[in-house]
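If you want the building blocks of each chain, they are given just below.
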Amino acid sequence: MEAFRKSFNSFFAMKCTVYLLAFLGFCLAQSSSEVLEPLCAVVEPIRKAVDLPGPRIIGGYEVEPNSVPYQVAVVMNGNNLCGGSLISTTRVLTAAHCTLIAAFVELRFGAHYHNQNEPTQVRLTSTSFINHERYDAATVENDISVILLPSPVAITAAIQVVPLAPSTAPDFQGRLAFLTGWGVTESFQLSPVLNGVNLTIISNNECRSFFSIVRDSTLCTSGIGPQGIVSACNSDSGGPLVVDGVQVGVVSFGAGDCQGGSPTGFARVSAFREWIRTNAEV
């Protein structure tokens, strides 16, 4: 297992370029699918998680095709991949660290294979985004943005809107949540198919023992589950975390070693509900 960890770290040391302030950055690595490159916001943990034996689950398992109809593939500038969620027929919710670097984005709705044309897919290109005006790249604070579609996307069985947690929502501590995305898996490559993983939401105090940047507007999930290590990874950024079908988080940051057992950090939807209402009219 230690040899596997070293192989993983060595791979990303060669393949990732980290280029933001201090320890935070956007990671770019070569993908075998299309020419898309993983994108991530990396924060070095204050402490490492306990290394547990057992299977290493990063992207989780392949979901049933089109069973997560609110999931959107967000391709920035034709070469970087993030996730997003459809929150109305004209708005997509994602992370600010994704759209901040974008001149344009292609949005792929109804996709299971993000890198193939499928009968269920609709693709739209947008150059209109609203990044949170107080997004801070150094602390990843306010890591949320809205993409405006050039025209409404048609609702189908494979394309649906996800409801958002209200501003009065609880903290969800201890609840089981579901995360989906096409991010990097154990193979060190972007997943061609949509994956899902169950994650347990932890308290912000517990999360602060790993990351000093945790704010009240952050939501965190444990990096350790019953089946081993569970985590978001590169290119899951911007993707939706849901509890009982309601979106509660937007993937924001994590440790550079996705298999290290550290928590994953999200923008807490309830904390940004009024901002979303104002800027997305949802």
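## As for the overall build of the protein
Okay, step 1: Along its length, the protein carries four helices and 19 strands.
Okay, step 2: Split into buried and exposed, the 282 residues of the protein put 59% on the buried side.
Okay, step 3: Taking the intrachain contacts of the protein between residues at least 6 apart in sequence as the baseline, contacts between residues at least 24 apart amount to 68%.
Okay, step 4: About 10700 Å² of surface is accessible on the protein, with carbon and sulfur atoms providing 55% of the total.

## Topic: the nonpolar core
Okay, step 1: Core analysis: the biggest nonpolar cluster contains 63 residues, and L107, F109 and I276 have the highest contact counts within it.
Okay, step 2: In terms of residue count, the dominant contributor to this core is strand β5 (residues 71–76) (five residues).
Okay, step 3: When neighbours within four sequence positions are excluded, L107 is seen to be in contact with V72, A73, V74, V92, V122, R123, L124, S126, I147 and L149.

## Remarks on the packing of aromatic side chains
Given two aromatic rings, their pairing is described by the distance between the two centres and the angle made by the two planes.
Okay, step 1: Overall, the coordinates contain two aromatic pairs when judged by the stated rule.
Okay, step 2: Seen in terms of ring centroids, F211 and F253 are 5.2 Å apart; in terms of plane orientation they differ by 85°. Their pairing is edge-to-face. Taken together, the positions of F211 in the loop between α3 (204–208) and β14 (218–221) and F253 in strand β18 (residues 246–254) put the pair 42 residues apart, joining distant regions of the chain. By the burial criterion, F211 is buried, and F253 matches it.

## Describing the pairing of β18
Okay, step 1: Along β18, eight of the nine residues are buried, which leaves the element largely enclosed by surrounding structure.
Okay, step 2: Pairing between strand β17 (residues 240–243) and β18: four bridges, direction antiparallel. Bridging from a neighbouring strand, L241 pairs with G249 of β18.
Okay, step 3: Count of turn residues in the β17/β18 antiparallel hairpin: two residues, of which D244 carries a positive phi of about 50°.
Okay, step 4: Relative to strand β19 (residues 264–268), β18 runs antiparallel, the two sharing five bridges. Bridge pairing links V250 to A267 in β19.

## Focus on the side chain of N204
Okay, step 1: Along the chain, N204 turns up in helix α3.
Okay, step 2: Excluding residues that lie within four positions of it along the chain, N204 makes contacts with V214, R215, D216, T218, L219, C220 and R268.

## A few points about unusual backbone geometry
Okay, step 1: Here the phi dihedral of V140 falls at roughly 60°; this positive angle occurs in a residue that is not glycine.
Okay, step 2: Looking at where V140 falls in the secondary structure, it is placed in the loop between β10 (129–131) and β11 (145–148).
Okay, step 3: In this structure, D244 is a non-glycine residue whose phi angle is positive, near 50°.
Okay, step 4: Among the secondary structure elements, D244 is positioned in the loop between β17 and β18.

## What about the side chain of S231?
Okay, step 1: Mapped onto the elements, S231 comes out in the loop between β16 (228–229) and β17.
Okay, step 2: Residue classification places S231 among the buried positions, given a relative accessible area of 5%.
Okay, step 3: A polar atom in the side chain of S231 sits 3.5 Å from the side chain of T264.

## Here's the deal with helix α4 (residues 273–280)
Okay, step 1: What α4 keeps buried is the set R273, W275, I276 and A280. With its buried residues spanning 160° around the axis, α4 presents them on a single face.
Okay, step 2: Where α4 is buried, its residues contact β6 (80–88), β7 (91–94), β10 and β11.
Okay, step 3: Directly after α4, the chain includes E281, whose backbone phi takes a positive value near 55°.

## Considering the pairing of β7
Okay, step 1: Burial along β7 is two-sided: R91 and L93 and V92 and T94, pointing in opposite directions, are all buried.
Okay, step 2: With three bridges joining them, β6 and β7 adopt antiparallel strand pairing. Its bridge partner being in β7, L86 is matched across the sheet by V92.
Okay, step 3: Counting the residues that bridge the hairpin from β6 to β7 gives two residues.

## Some thoughts on the pattern of salt bridges
Okay, step 1: All chains considered together, the criterion is met by seven salt bridges.
Okay, step 2: Taking the shortest distance from any N to any O, the salt bridge between D244 and R175 comes out at 2.6 Å. Here the residue D244 occupies a position in the loop between β17 and β18, and R175 occupies one in the loop between β11 and β12 (176–181), the gap between them amounting to 69 residues.
Okay, step 3: For D244, a relative accessible area of 67% gives the class exposed.
Okay, step 4: The residue R277 makes a salt bridge to E274 at a minimum N-O spacing of 2.6 Å. With R277 and E274 both in helix α4, this residue pair falls three residues apart, about one helical turn.
Okay, step 5: Assessed through its relative accessible area of 37%, R277 is described here as partly exposed.
Okay, step 6: Residue E274 is classed as partly exposed on the basis of its relative accessible area, which comes to 44%.
Okay, step 7: Among the charged side chains, a salt-bridge network with shared partners connects E106, R108 and R123.

Here is what the cut-offs are and how they apply
Residues numbered from 1 in each chain as written. Predicted model: local features only at pLDDT ≥ 70, side-chain atom pairs only at ≥ 80, totals over all residues. Heavy atoms only, no water. Helix = DSSP H or I, 4+ residues; strand = E, 2+ residues; numbered from the N terminus. Buried < 20%, exposed > 50% of the residue type's maximum accessible area, 1.4 Å probe, protein only. Contact = heavy atoms within 4.5 Å. Areas by Shrake-Rupley, 256 points an atom, 1.4 Å probe, with all protein chains shown as cover. Core = buried A, V, L, I, M, F, W, Y, C linked by side-chain atoms within 4.5 Å. Phe/Tyr/Trp six-rings, centres within 6.5 Å; stacked < 30°, edge-to-face > 60°. Pairing = 2+ DSSP bridges. Polar contact = N/O pair within 3.5 Å; in protein donor to acceptor, adjacent residues only side chain to side chain. Arc of directions from axis to C-beta. Salt bridge = Lys/Arg side-chain N within 4 Å of Asp/Glu carboxyl O.

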